[in-house]
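Residues per chain are reported as follows:
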Amino acid sequence: MAKTQLNVRVDETTAEAARRRAQQRGVSVNRYIEELVQQDAGEAGRTFVEAAADFMKQYESVFVEEFGAPDRRTPGTR
């Protein structure tokens, strides 16, 4: 996968913390930050799915009233 360079400015305390954590993990600072962003993006995705599921539970009766009960049979069987 192609890589894109980002330039990020942080205070020295944050920079040192990033260097220290990356060293503890045995990875470069670049890789450490990349992993943090990927982890954060994954959490956002999970949060979205959880919120969507909660929404569907809260409004299930409205959907059933409007569209009817879902067909709960296994897909491909009729």
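Look a little higher up for the structure.
The rules we used
- Residues numbered from 1 in each chain as written.
- Predicted model: local features only at pLDDT ≥ 70, side-chain atom pairs only at ≥ 80, totals over all residues.
- Heavy atoms only, no water.
- Buried < 20%, exposed > 50% of the residue type's maximum accessible area, 1.4 Å probe, protein only.
- Helix = DSSP H or I, 4+ residues; strand = E, 2+ residues; numbered from the N terminus.
- Phe/Tyr/Trp six-rings, centres within 6.5 Å; stacked < 30°, edge-to-face > 60°.
- Expected span 1.5 Å × (residues − 1).
- Arc of directions from axis to C-beta.
- Polar contact = N/O pair within 3.5 Å; in protein donor to acceptor, adjacent residues only side chain to side chain.

Novice: Would you mind going over helix 3 (residues 60–67) with me for this structure?
Specialist: Counting buried positions along helix 3 gives 0 out of 8 residues, so the element sits mostly on the surface. Of the residues trailing helix 3, Gly68 is marked for its positive phi of about 90°.

Novice: Help me understand the packing of aromatic side chains in this model?
Specialist: Think of a pair of aromatic rings as described by two things: how far the centres are apart, and how the planes are tilted against each other in angle. Inspection of every chain in the model, using the stated rule, returns 3 aromatic pairs. Ring geometry for Phe55 versus Phe63: centroids 6.2 Å apart, planes at 75°, classification edge-to-face. Plain terms: the ring middles of Phe63 and Phe67 are 6.3 Å apart, the flat faces sit at 25° to each other, and that makes the pair stacked. Here Phe67 and Phe63 lie together in helix 3, a separation of 4 residues that amounts to about one turn. Ring pairing ties together the aromatic residues Phe55, Tyr59, Phe63 and Phe67, which thus form one cluster.

Novice: How should I be thinking about helix 1 (residues 12–25) in this particular structure?
Specialist: Think of an α-helix as 3.6 residues a turn; residues three or four steps apart then line up on the same face. Along its 14 residues, helix 1 runs 20 Å from first to last C-alpha, staying within 8% of the 20 Å computed at 1.5 Å per residue. Turning to helix 1, its buried residues number three or more, namely Ala15, Ala18 and Ala22. The buried side chains of helix 1 occupy one side of the element, clustering within an arc of 60° when seen end-on. Exposed positions of helix 1 whose direction lies more than 90 degrees from the buried face are Glu12, Thr13, Gln23 and Gln24. Residue Asp11 occupies the N-cap position of helix 1, its side-chain oxygen lying 3.1 Å from the main-chain nitrogen of Thr13. Directly after helix 1, the chain includes Gly26, whose backbone phi takes a positive value near 75°.

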